[in-house]
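Architecture and fold: a report
As a plain string of letters, each chain reads:
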Amino acid sequence: MGYTIFRADELEFRAPARGDQRRGIAPLSEAMHAMRTNVWRLPPGARGGRHIEHAQEEIFVVLRGAVTLLLGDPAERVELTAGSLAVVETDTGQQLRNEGDAEAIVLVVGAPPEQGRAEHLPDAD
């Protein structure tokens, strides 16, 4: 038996490896074997890179604030508020954005934990 507890007030956010450096990432994946998980902090105006995951299904859970997901090609705008979630299948274009006036916190889970099979796309705007 094993488990790891992550408390909201103890998460350590750092700058992402690439993309919009205003965002913060608290990686949780080290505690998992069959999926990848991160908590993202997005200040107003921040956005993730638009991409297609060819290996991972992903779920986005808005913990605080509101975000916009751009899904598909052409991109469809989907607004998510705190408590909302979206499941995104593989081979679906996606981009996470905070187009509001307040910080947003989003839990993103992907499975399987395979990396390196994403296709990066230009922004939809």
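Quick caveat: nothing in here was measured; it's all calculated off a predicted structure.

**Structural notes on the sheet that holds strand 7 (residues 85-88)**
With respect to topology, five strands assemble into an open sheet ordered 1-2-9-4-7, the strand pairing being antiparallel. The strands lining the two open edges of the sheet, one partner per strand, are strand 1 (24-27) and strand 7. Each strand of the sheet is rotated relative to its neighbour by a mean of 20 degrees, with strand direction disregarded.

**A short note on the side chain of glutamate 53**
When you line up the elements, glutamate 53 lands in strand 3 (residues 51-53). Of the polar contacts made by the side chain of glutamate 53, one reaches the side chain of histidine 51; its length is 3.4 Å. When neighbours within four sequence positions are excluded, glutamate 53 is seen to be in contact with Glu58, Thr90, Asp91, Thr92, Gln94, Arg117 and Ala118.

Quick notes on the rules
Residues numbered from 1 in each chain as written. Predicted model: local features only at pLDDT ≥ 70, side-chain atom pairs only at ≥ 80, totals over all residues. Heavy atoms only, no water. Pairing = 2+ DSSP bridges. Helix = DSSP H or I, 4+ residues; strand = E, 2+ residues; numbered from the N terminus. Axes fitted to C-alpha atoms, helices over the stretch in contact; angles between N-to-C directions. Polar contact = N/O pair within 3.5 Å; in protein donor to acceptor, adjacent residues only side chain to side chain. Contact = heavy atoms within 4.5 Å.

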